[in-house]
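# Commentary on secondary and tertiary structure
Residues per chain are reported as follows:
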Amino acid sequence: MAAPSNNPPLLEVKNLRVEFPTRRGTLLAVDDVSFDIAPGEVLGVVGESGAGKSLTGNAIIGLLEPPGRIAGGEVRLEGRRIDDLPYEEMRKVRGAKIGAIFQDPLTSLNPLYSVGRQLVETIQTHLPLSAGQARTRALDLLKEVGIPAAESRIDHYPHQFSGGMRQRVVIALALCADPRLIVADEPTTALDVSIQAQIIALLKRLCREHKTAVMLVTHDMGVIAETADRVAVMYAGRIVEIGPVRDVVKHAKHPYTKGLMGSIPSLGIRHDRLTQIDGAMPRLTEIPPGCAFNPRCTERGRRCLGERPDLMAAGATRAACWLHERGGVGTAVTKELADA
Amino acid sequence: MLAFILRRLLQSIAVLLTVGLVAFALFRYVGDPINAMVGQDTSMEERETLREKLGLNDPAPIQFLVFIGNAARGKFGLSYRTSEPVGRMILERVPATLELSICAALFALLVGVPMGVYTGLYPRHWLSQLFQAVSLIGISLPTFLIGILLILIFAVWLRLLPSFGRGETVDLGWWTTNFLTWKGIQALILPSITLGLFQLTLLMRLVRSEMLEVMRTDYIKFARARGLTNRAINFGHALKNTLVPVITVAGLQLGAIIAFAIVTETVFAWPGVGQLFIQSVQFADIPVMAAYLLLIGLLFVLINLTVDLLYFAVDPRLRGQGMARPAGH
Ligand SMILES: Nc1ncnc2c1ncn2[C@@H]1O[C@H](COP(=O)(O)OP(=O)(O)O)[C@@H](O)[C@H]1O
Ligand code: SF4
Ligand SMILES: [Mg+2]
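Just so it is clear, the model here is predicted, and its values are computed rather than measured. (Residues numbered from 1 in each chain as written. Chains lettered and ligands numbered in written order. Predicted model: local features only at pLDDT ≥ 70, side-chain atom pairs only at ≥ 80, totals over all residues. Heavy atoms only, no water.)

### Brief notes about the overall build of chain B
Keep this limit in mind: Only DSSP runs of H or I with at least four residues qualify as helices, and only runs of E with at least two residues qualify as strands; both kinds are numbered from the N terminus onward. Residue contacts are counted whenever heavy atoms from the two residues lie within 4.5 Å of one another. Areas reported as accessible are Shrake-Rupley estimates using a 1.4 Å probe. Residue values count occlusion only from the protein chains shown.
Within chain B, the secondary structure is distributed over 12 helices and two strands. Along chain B, helices and strands appear, N-terminal first, in the series α-α-α-α-α-α-α-β-β-α-α-α-α-α. Sequence-distant contacts in chain B: of pairs separated by 6 or more residues, those separated by 24 or more amount to 70%. For chain B, the exposed area adds up to about 17000 Å²; of that, 70% sits on carbon and sulfur atoms.

Right under this line is the structure:
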């Protein structure tokens, strides 16, 4: 379902930069990233491990781990700037307006608290409900995420649930206060392959019913193709292509995205690495000048070695690639020339 | 859970029997008990009759069983030194040692745990750095030196607190206590600090490293993502998880405190079991030493049982499923 384009965006990320001061200089891990998410929209974010997906998500929910910090740009939720809020103000946004789901359901829950207690405390933190009302809501949520025999399961502890059931509990926790946006960072990567599709389907159904927007981080293109309205492709800390899911999947404009689409795994089949493209993404300290993708790109030209492309209109999507600018990539370069 | 407790009880009994064996060996084979009991001029025959009467000619296993049977009823014979019943001598001194040990343990817990939590939550704060520095001193200075330093400062220079003895005690019939008089309480302060300081620093460092560890876990990050207040996260989720390993160590430390009371009681002339033990060693008063060993063994076993039960109360992963699941988090 395509998001209505005339609505004001729910989330606006503008020129976001995340950096890590290190002894050998500052690493720029998220470099000038901008995108919007409309109310109720599912934005898929893909890219190889280390591309900066998690950092972008963590920056949005205000939970970058020091020494990582937002070095520039802004994040707005419903028009209100949230990246510079004091900790206590941002705390009230987290859980209430933005829910989060992390990769590993086995470690996301406190082992010493029953799931009911964790649900109730989250509900009561954000909603003015009595203990009894909060418990009723917790029960409803557990039923909604498909926990069988929720009435008895509510008092069980996390270790008494399987991985898939725990991730359902985590989803219920993210939905406690009916947030407008959920940032889901690889919500199925740690799960059994047979469970992954169920969890994704559940997430998709719940967010449609609650009209919750989702930023769905994954490196599984199959999941994106089935779930997202739009896709952002990240590479070495930047968005290299962004557009409606159909166009990105069928008519990718960036050579990196084309490589990703080369063989879309069917939903549920996990690919630990996107192996279709030769070479590996450069480390932050070794990003080449010009287009960061140029060492692996089969279409690079002389211009790609010296000038860095920004996102530009390319058919129905926007891609950061000189192929889509009138000047083009310049004369072709051989491997030897590029390495010299 | 019942099976688990039963298993632990059996283990405890095995431990106590082992300690009993050591005590018995000490009793029976270190020195000749007859020599210790009679004068120089006793004839060989008289000695032999006494030996027979005391059962010292019975086979060793029988003697051991008799020894254990007596020990279980608190009968350890007469002290070689004072000829008083050993059981009574020890019982008279147990309150002094227990009151001192409990005060020292409370001091270590009530000061050490909050200090550890604070340094774990705010590792960069100057106060945390100060705590860390002080804890280094606490760990490296030997107990008797700390005791002497405290006496020097608070008893000799400042004349604020007494330097030896229990001060005033109140006799409740079966127990003598320091807690009911101001003088008694004052007398407790320096020895308790001396005895508890080492454990305090250990606890503080343990809690600190556990806290740092827990704060890095996914469930704390997820708790933040749920928007829980800092109070709920720090003193609910984090502290509770920190306490799981701390309980064991704190239990072991209570045992250690009671055992280490020997040094502190000597420095402060504290009339406890430890001081009695030192006197017994000087006089080779074997029955008292054997009884002391058994008493300490019994306390350790009781403490460990309590710790196990506390685990069940705190950690749901142990309930219902026995000990099968790993307790890692
Ligand atoms: N604490 C840190 N210190 C230095 N670099 C970091 C740190 N955390 C992440 N990075 C770097 O930031 C980049 C992006 O990380 P991340 O957002 O986790 O990638 P992913 O797309 O796999 O989620 C990685 O290259 C990683 O090396
Ligand atoms: S800009 Fe050049 S190197 Fe970069 S992706 Fe496009 S063609 Fe390849
Ligand atoms: Mg990641």
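Back to the write-up after that little detour.
### Here's the deal with the overall build of chain A
Heads up, the condition is: Only protein chains enter the accessibility calculation, which uses a 1.4 Å probe; a residue whose area is less than 20% of its type maximum is buried, one above 50% is exposed, and one in between is partly exposed. For this count, His and the chain ends are skipped, Lys and Arg are scored as positive, and Asp and Glu as negative. For this purpose, a charge sits on NZ of Lys, CZ of Arg, CG of Asp or CD of Glu.
Along the backbone of chain A there are 13 helices and 12 strands. Across its three principal directions, the C-alpha atoms of chain A cover 70 × 45 × 40 Å. Here chain A, with 340 residues, has 54% of them falling under the buried criterion. Long-range contacts, defined here as pairs at least 24 residues apart, represent 65% of the contacts in chain A between residues at least 6 apart. When the accessible surface of chain A is split by element, carbon and sulfur atoms take 51% of a total near 14600 Å². Positive and negative side-chain charges of chain A, numbering 42 and 39 respectively, have mean locations separated by a distance of 0 Å.

### Some thoughts on the nonpolar core
Heads up, the condition is: The nonpolar core is taken to be a set of buried Ala, Val, Leu, Ile, Met, Phe, Trp, Tyr and Cys residues, with the residues joined through side-chain atoms within 4.5 Å.
Residues Leu11, Phe35, Ile60, Ile98 and Ile171 of chain A are the most contacted members of the largest nonpolar core, which totals 101 residues. Listed in part, the 25 residues of the second largest apolar core include Met89, Leu276, Tyr292 and Leu294 of chain B.

### Some remarks on the domain arrangement of chain A
Residue and element names in this part refer to chain A. Let me state the cut-off plainly: How far each domain reaches was decided by an automatic or database domain assignment. Defined in terms of a 1.4 Å probe, buried area is the accessible area two parts forfeit on being brought together, summed over both. Counted as salt bridges are all cases of a side-chain nitrogen of Lys or Arg within 4 Å of a carboxyl oxygen of Asp or Glu.
In terms of domains, chain A is made up of domain 1 (1-97 + 182-236), domain 2 (109-176) and domain 3 (240-267 + 291-339). The centre of domain 1, based on its C-alpha atoms, is set 23 Å off from the matching centre of domain 3. Facing the 23 residues of domain 1 at the interface are 19 residues of domain 3. Taking both partners together, domain 1 and domain 3 bury about 1800 Å²; carbon and sulfur atoms supply 66% of that area. For domain 1, the biggest contributors to the area lost against domain 3 are Met221, Val233 and Tyr235; these three give 39% of the whole. Across the domain 1-domain 3 interface, the total number found is two salt bridges.

### Observations concerning the interface of chain A and chain B
One frequent convention defines the size of an interface as the accessible area lost when the parts assemble. As a reminder of what qualifies: Throughout this description, a polar contact denotes any pair of N or O atoms lying within 3.5 Å of each other; where both atoms belong to protein, one of them has to be capable of donating a hydrogen while the other can accept it, and for residues adjacent in sequence the pair is counted only when both atoms sit in side chains. Any residue that is not Ala, Val, Leu, Ile, Met, Phe, Trp, Tyr, Cys, Pro, Asp, Glu, Lys or Arg is counted as polar, Gly included; the first ten are nonpolar and the last four charged.
Contacts between the two partners involve 29 residues from chain A, matched on the other side by 24 residues from chain B. Of the roughly 2400 Å² buried between chain A and chain B on both sides combined, carbon and sulfur atoms contribute 58%. When residues of chain A are sorted by the area they lose upon contact with chain B, Pro111, Leu112 and His159 of chain A head the list and together hold 27% of the total. Viewed at the interface, chain B and chain A are joined by two salt bridges. In this structure, Arg226 of chain B engages Glu121 of chain A in a salt bridge whose closest nitrogen and oxygen atoms are separated by 3.2 Å. Run the count over chain A and chain B and you get 16 residue pairs in polar contact (both at pLDDT 80 or more). Going through the elements one at a time, helix H2 (87-93), strand S6 (98-101), helix H3 (105-108), helix H4 (115-126) and helix H7 (163-174) of chain A are the ones with two or more residues in the side of chain A that touches chain B. With six residues, the single largest contributor to the side of chain A that touches chain B is H4 of chain A. Grouping the constituent residues of the side of chain A that touches chain B by class yields 12 nonpolar, 11 polar and six charged.

### Examining the site of ligand 1
Residue and element names in this part refer to chain A. Rules: Nearness is judged by heavy atoms alone; a residue qualifies as near a molecule or strand once a single heavy atom is within 4 Å of it.
The full set of residues close to ligand 1 is Phe20, Ala29, Glu48, Ser49, Gly50, Ala51, Gly52, Lys53, Ser54, Leu55 and Leu284. One of the backbone nitrogen or oxygen atoms of Ala51 is found 3.2 Å away from an oxygen atom of ligand 1. Within the complex, 65% of the 570 Å² of free accessible area of ligand 1 lies under protein. The leading source of residues in the shell around ligand 1 is helix H1 (residues 53-60), at three residues. Split by residue class, the shell around ligand 1 holds five nonpolar, four polar and two charged.

### Thoughts on the pairing of strand S1 (residues 11-22) of chain A
Residue and element names in this part refer to chain A. So the rule is basically this: If DSSP finds at least two bridges between two strands, the strands pair.
Across nine bridges, S1 lies against strand S2 (residues 25-37) in antiparallel orientation. Along S2, the bridge assignment pairs Val13 with Phe35. With antiparallel pairing between neighbouring strands as the criterion, S1 and S2 make up a hairpin whose turn holds two residues. Direction of pairing for S1 relative to strand S4 (residues 69-77): antiparallel, over a ladder of seven bridges. Bridge pairing in S4 links Lys14 to Glu74.

### Quick look at the environment of Gly120 of chain B
For Gly120 of chain B, the location among the structural elements is in helix H5 (residues 86-121). Each residue touching Gly120 of chain B, except ones within four places of it in the same chain, is listed here: Arg208, Met211 and Leu212 of chain B.

### Some details on the environment of Thr49 of chain B
Residue and element names in this part refer to chain B. When you line up the elements, Thr49 lands in helix H3 (residues 44-53). The class for Thr49 is exposed, based on a relative accessible area of 52%. Here the alpha-carbon distance between Thr49 and Val170, two residues 121 residues apart in the chain, equals 45 Å. Polar side-chain contacts of Thr49 include one of 2.6 Å to the backbone oxygen of Glu45. Here Glu46 takes part through its backbone oxygen, which lies 3.1 Å from a polar atom of the side chain of Thr49.

### Focus: the pattern of salt bridges
Opposite charge on two side chains allows them to pair when their charged atoms are near. Residues and elements named next belong to chain A. Taken as a whole, this structure holds 32 salt bridges over all chains when the rule is applied. Between Arg296 and Glu48 there is a salt bridge; the shortest N-O distance is 3.0 Å. With Arg296 in the loop between helix H11 (255-261) and helix H12 (302-306) and Glu48 in the loop between strand S3 (42-46) and H1, the pair connects residues that are 248 residues apart, well separated along the chain. The two residues Arg296 and Glu48 agree in class, both being buried. Arg283 is the salt-bridge partner of Glu286, the closest N and O atoms lying 3.6 Å from each other. We classify Glu286 as partly exposed; its relative accessible area is 47%.

### Section: the confidence of the model for chain B
Residue and element names in this part refer to chain B. Stated formally: Values of pLDDT, the confidence the predictor places in each residue, fall between 0 and 100.
Looking at chain B as a whole, its pLDDT mean stands at 85, while 96% of the residues score no less than 70. Here helix H2 (residues 33-37) stands out as the element of chain B with the lowest mean pLDDT, 70, in contrast to helix H9 (residues 218-225), whose mean of 96 is the highest. Below a pLDDT of 50 lies the segment residues 322-329, which in the model reaches 11 contacts outside its immediate sequence neighbourhood of four places, other chains included. Across the interface, the model reports ipTM at 0.89; the global pTM reads 0.83.

### Section: the site of ligand 2
Around ligand 2 sit 14 residues in total, of which Cys291, Cys297, Cys304, Cys321 and Trp322 of chain A are the nearest. Class assignment of the residues belonging to the shell around ligand 2 gives a composition of 10 nonpolar, two polar and two charged.

### A few points about the sheet that holds S1 of chain A
Pairing within the open sheet is antiparallel, and its four strands lie in the order S2-S1-S4-S5 (chain A). Since the sheet does not close on itself, it has two edges, and those belong to S2 and strand S5 (80-81) of chain A, each with one partner.

### Comments concerning the sheet that holds strand S10 (residues 238-244) of chain A
Within a beta sheet, neighbouring strands are joined by backbone hydrogen bonds and run either parallel or antiparallel to one another. Residue and element names in this part refer to chain A. Put simply, the rule is: The angle between two axes is taken between their N-to-C directions and runs from 0 to 180 degrees, where each axis is a line fitted to C-alpha atoms and a helix contributes only its stretch in contact.
Spatial strand order, S6-S7-S8-S3-S9-S10-S12-S11: eight strands in an open sheet with mixed pairing. Of all the strands in the sheet, the pair left with one neighbour each is S6 and strand S11 (312-314). Averaged over neighbouring strand pairs, the angle between their axes works out to 20° when direction is ignored. Both strand S7 (residues 181-185) and strand S8 (residues 213-217) contribute to a ladder of five bridges, which runs parallel. Across the sheet, the residue bridging to Asp185 is Val217, located in S8. Together, S3, S6, S7, S8 and strand S9 (230-235) form the strand contacts of H1, whose direction differs from that of S8 by roughly 150°.

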